[in-house]
Every structure is written in C-alpha cells, then in structure tokens.
Amino acid sequence: MASHLRHGPDGEMRLRIIEHNLQLLAEQEKEEEEEHMQGNEHEEQTNDDKSSSSSSKKIKPPLKAILLFSIDTQSTQSDVQTMINTWRQQMPNAHLAYNIISQIIYVPNDPTMVDASKWIVAIEQFLPEIQTTNARVMLINDSFVLTRNVPELWSDDCGDVCGLVWTASKDDASRHIQSYIRTLSSCAVERYRNFYYQKKSNIRNVHELIVEFEMNLDWAGGEKGGGVSAIYEYAGAHPDDEAAQKVLVPKGYPAIKLKKFFVTDDPWLSESDTTRSKLPPSFSASIYKRMNHDLNYLSDEDAEKHFAEDGKNEDRIYSTLPLVIKGWLGEELMKMGGEESTIAILEAYLTALNQGIVNTSLEK
C-alpha cells in the first residue's frame, strides 16, 4: 500500500481510507478461513480421502499488508510518525485491518516515480518470500475507496496481472488496466521489478511513468506469462468518466476514485452552454490552480482557458462553493446495502476537502 502523507487532517483522512480498504480486503481472508474450516469439518464427518482432497487444494499464504509512506515536504517525519502511531493505537486489536498490517516502511518521496518507487521497496525486501510461497501480490495506493472486498483479483485464473476494468475496447492500442489496484503473480512481480530498473532512468515525468508502467503491458506476460485480465470489460468510456461509472457501479464495481465522486454544488453547472457565462461567477483561478496540482504552473488567464475548455467537464475544484457527493452515486451506494461505512468515508473526505478549500482561499 503506497501513500504520500501530510501531517494534519488530510493525513488523518488518508489513514482512515487506508484502514477502511484494508478492512474490506481482510474480510475476504476471514471468509476464506471460515470456508476452509467448514470444509475440514465436513471432510472429517464424511471420512473422505483426506490425502487426495488436501493435495488438490492450494493453501494460500496469509494476507500481509505492507504500508509504504513517503512524507510531504510541509511535514516532519517525526510528526507523521506520531500521527501514524496514534492511528495504530486507536485501531482495535481485534480489527481485521490491524491484524494484517505486518510492516510500516518510510521511504523518500520520488515525485517522478511516485507509487512505483514505493512498491519497489517492498518488492525488493519480500521477493524471496513471494517466490518461495508463490504468493500473489496486490499493488495498491490510497487514491480510492473500496465498496466491497475483491476476491476476483486474488484468483489464479485471472492471469499474471489482474485489474478492475479495461480502459478501452479490444481494438484500441491504448487499452490497459489502471495501476491504482492490481494483483500480480509471483512471476509477474519479478518481471515488474526487472522492468522498473530497466526503465527508471528514462522516466522524466509522471506522464511518461503512466505510459510505461500502466498503459504499456509488454512487461506483464513474459515468454511464459499468463497475460493480463480485468474483472470488468470496457464500459464504453474511460472508467474515470462519469458515463462509464454509471454503467460500472450498478454492476458492483468495487472502487470509488477520490477525485471522481463529487461535484461542486453550483447551479451554473446545470445551466445550458448556450446561455450561461463562459466562467462560473464563483470561479477562482487561484483555487483552481492550488486544488488541482497538475495545473499549478498555469497563469490565471491560462487557468481560465483550461476550465472553459476542459475543466468544466472533469469535476475539478474551482471555487469555494461546497462539494457534494454526486446524486446518482449516493443513490447507487444506498441501493447496494451495507455501504454505510463507504458513504461515511466519502462524506468525511468531503468535509476535510471543503475545509481545505476554505483554508486555501484564506491563504491568497
């Protein structure tokens, strides 16, 4: 699990998201353990041939979570470590998430290789164990909230690399699976490691990282590889687009991206393009740049142009008006049942984000 933490409310919220996601992932292991125990009891009662039945079942290694944290430049390592220690102490010992955390590692922040530079630290440390146990490995970050556990990603049937959804149709050369949550077979883990060191020196920015390590899947299969798969087929648009989300979420899609679940509560967004002003009356170039870090290099004029052409359709933060959960998404989560914890996480995240916007506006 890769995360870049800042001391304070934002970091505390990130830890809460990590705990929520780990809890759901751990529930899958608990269910498998209970099924295994029930299976053993059934075998004893029916006097089945234990040697043949046990040999036909693959015993998976226990789930371990390795948390890899880099620290924001505005925070000290001591402050962040204290925040993490407090978080761990407040987590009940019986909590499933607490029990699967086996190690916390602090790593330098690499603004170019970002999550990949964190994952590789754990891969280097645990590769012998991964190979010995033939373990499947999940590479994951804190950019999303899970709505359920994902047993599909742990299946050996899903190939060497398995993700959530394809981003394009089969005849599109850009077709790939997003890298914020993927599982790799033990063989694919080693190929990923080798590919990382082969390509690292040539990566100059995050865009090139995405192209080489997410969109490019040549490294995944290898000569004897089992290929790449996804739980969900292409939904007619990129999975981050709202059109695709409206198709995927009702089908049980398990992840809500933190940048894509909210909208600004602004009447301007629902007005017709032909009658509304070019920019919302509430638009602030300063907030737009500071709350969208990939745009912080723009001039105010270019920021206005970017919003008018693209940003208005990308659910970007642009004003001090409150952010709210998209209406259709809230309804779908309620329909699923048992999603109270997910909705609570999303609402808490928005509360922190709205406060952050207010603070940003005061710092102008």
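Residues numbered from 1 in each chain as written. Predicted model: local features only at pLDDT ≥ 70, side-chain atom pairs only at ≥ 80, totals over all residues. Heavy atoms only, no water.

## Overview of the environment of Lys312
Step number 1: Locating Lys312 in the fold gives a position in the loop between helix H11 (300-309) and strand E11 (323-325).
Step number 2: Under the relative-accessibility criterion, Lys312 is labelled partly exposed at 24%.
Step number 3: Lys312 sits 33 residues away from Leu279 along the chain, and the two C-alpha atoms are 8.9 Å apart.
Step number 4: Apart from residues no more than four positions distant in its own chain, Lys312 is found in contact with Trp268, Leu269, Asp273, Arg276 and Phe307.
Step number 5: Looking at Lys312, its side chain comes within polar contact range of the main-chain oxygen of Ala308, at 3.2 Å. (Helix = DSSP H or I, 4+ residues; strand = E, 2+ residues; numbered from the N terminus. Buried < 20%, exposed > 50% of the residue type's maximum accessible area, 1.4 Å probe, protein only. Contact = heavy atoms within 4.5 Å. Polar contact = N/O pair within 3.5 Å; in protein donor to acceptor, adjacent residues only side chain to side chain.)

## With respect to the packing of helix H5 (residues 114-133) against helix H6 (residues 186-199)
Step number 1: At a closest axis distance of 10 Å, the pairing of H5 and H6 adopts a crossing angle of 135°. Between H5 and H6, the interaxial angle falls into the category oblique. Our pair here, H5 against H6, has a crossing hand that is left-handed. Where H5 abuts H6, its residues Ala116, Ser117, Trp119, Ile120, Ile123, Glu124, Leu127, Ile130 and Gln131 lie against Ser186, Val189, Glu190, Tyr192, Arg193, Tyr196 and Tyr197.
Step number 2: Counted by class, the contact of H5 with H6 contains ten nonpolar, three polar and three charged residues. (Axes fitted to C-alpha atoms, helices over the stretch in contact; angles between N-to-C directions. Parallel < 35°, antiparallel > 145°, perpendicular 65-115°, else oblique. Left-handed = near helix turned anticlockwise from the far one by under 90°. Nonpolar A, V, L, I, M, F, W, Y, C, P; charged D, E, K, R; others polar.)

## Considering the pattern of salt bridges
Step number 1: In this structure the tally under the stated criterion is 17 salt bridges.
Step number 2: Lys64 serves as the salt-bridge partner of Glu129, at 2.7 Å between the closest nitrogen and oxygen. With a gap of 65 residues between them, Glu129 in helix H5 and Lys64 in the loop between helix H2 (50-56) and strand E2 (65-71) connect regions that are remote in the sequence.
Step number 3: Exposure remark for Glu129: the relative accessible area of 34% places this residue in the partly exposed category.
Step number 4: Notably, a salt bridge pairs Lys246 with Glu242, separated by 4.0 Å at the nearest N-O pair. Taken together, the residues Lys246 and Glu242, both in helix H9 (residues 242-248) and four residues apart, mark about one turn of the helix.
Step number 5: Looking at Lys246, the relative accessible area reads 44%, which means it is partly exposed.
Step number 6: The network of salt bridges with shared partners includes Glu242, Lys246, Asp315 and Lys326. (Salt bridge = Lys/Arg side-chain N within 4 Å of Asp/Glu carboxyl O.)

## Considerations on H6
Residues that lie three or four places apart on an α-helix share one face, since the helix turns once every 3.6 residues.
Step number 1: Taking 1.5 Å of rise per residue, 14 residues should cover 20 Å, and H6 covers 20 Å from first to last C-alpha, within 8% of that figure.
Step number 2: Listed in full, the buried residues belonging to H6 are Ser186, Ala188, Val189, Tyr192, Phe195 and Tyr196. (Expected span 1.5 Å × (residues − 1).)

## Observations concerning the sheet that holds strand E1 (residues 2-5)
Step number 1: Taken together, the three strands give an open sheet; going across it, the order is E1-E2-E3, and neighbouring strands pair in parallel fashion. Each of the sheet's edge strands pairs with one partner strand only, and the pair in question is E1 and strand E3 (101-106). Taking the axes of each pair of neighbouring strands and ignoring which way they run, one obtains an average angle of 25° across the sheet.
Step number 2: Examined bridge by bridge, E1 and E2 share four bridges and lie parallel to one another. Bridge assignment links His4 to a residue of E2, and that residue is Ser70.
Step number 3: Set on the sheet, helix H3 (residues 77-90) makes contact with E1, E2 and E3; between it and E3 the angle comes to about 170°.
Step number 4: Each of E1, E2 and E3 is contacted by H5, which is oriented at about 135° to E2, the strand it contacts most. (Pairing = 2+ DSSP bridges.)

## A closer look at the packing of aromatic side chains
Step number 1: A complete count under the given rule lists 17 aromatic pairs for this structure.
Step number 2: Taking 6.3 Å as the distance between ring centres and 40° as the angle between the ring planes, the aromatic pair formed by Phe69 and Tyr106 counts as tilted. With Phe69 in strand E2 and Tyr106 in strand E3, this pair connects stretches of sequence that are 37 residues apart.
Step number 3: Three or more aromatic residues joined by ring pairs make a cluster, and in this case those are Tyr192, Phe195, Tyr196, Tyr197, Phe213 and Trp219.
Step number 4: A cation over a ring is seen here: Arg88 above Tyr98, with NZ or CZ 4.4 Å from the ring centre.
Step number 5: Arg175 extends its terminal NZ or CZ atom over the ring of Trp166, reaching a point 4.0 Å from the ring centre. (Phe/Tyr/Trp six-rings, centres within 6.5 Å; stacked < 30°, edge-to-face > 60°. Lys NZ or Arg CZ within 6 Å of the ring centre and 35° of its normal.)

## Side note on empty space enclosed by the protein
Step number 1: Counting across every chain of the model gives two cavities of 30 Å³ or more.
Step number 2: For the largest cavity, the calculated volume is near 110 Å³.
Step number 3: Taken together, 14 residues make up the lining of the largest cavity; nearest its centre are Pro239, Gln245, Tyr253, Ala255 and Lys257.
Step number 4: In terms of residue count, the dominant contributor to the lining of the largest cavity is strand E9 (residues 255-257) (three residues).
Step number 5: Along the lines of polarity and charge, the residues of the lining of the largest cavity split into nine nonpolar, two polar and three charged. (1 Å grid on protein atoms, 1.4 Å probe; cavity = no way out; pocket = protein on both sides within 12 Å on 5 of 7 lines; lining within 4 Å. Points joined across faces, edges and corners; volume = space filled by probe spheres on them.)

## Quick word on the nonpolar core
Step number 1: Among the nonpolar cores identified, the biggest contains 41 residues, and Leu22 and Ile181 are the most heavily contacted of them.
Step number 2: Listing elements by their share of this core, those giving two or more residues are helix H1 (9-46), E2, H3, helix H4 (96-100), strand E4 (137-140), strand E5 (144-146), strand E6 (161-165) and H9.
Step number 3: With six residues, the single largest contributor to this core is H1.
Step number 4: Here Ile181 is in contact with Met138, Leu139, Ile140, Phe144, Leu146, Leu153, Cys162, Gly163 and Leu164, once residues within four sequence places are set aside.
Step number 5: Judged by nonpolar contacts, the second largest core, of 31 residues, contains Ala2, Phe126, Trp166 and Val189. (Core = buried A, V, L, I, M, F, W, Y, C linked by side-chain atoms within 4.5 Å.)

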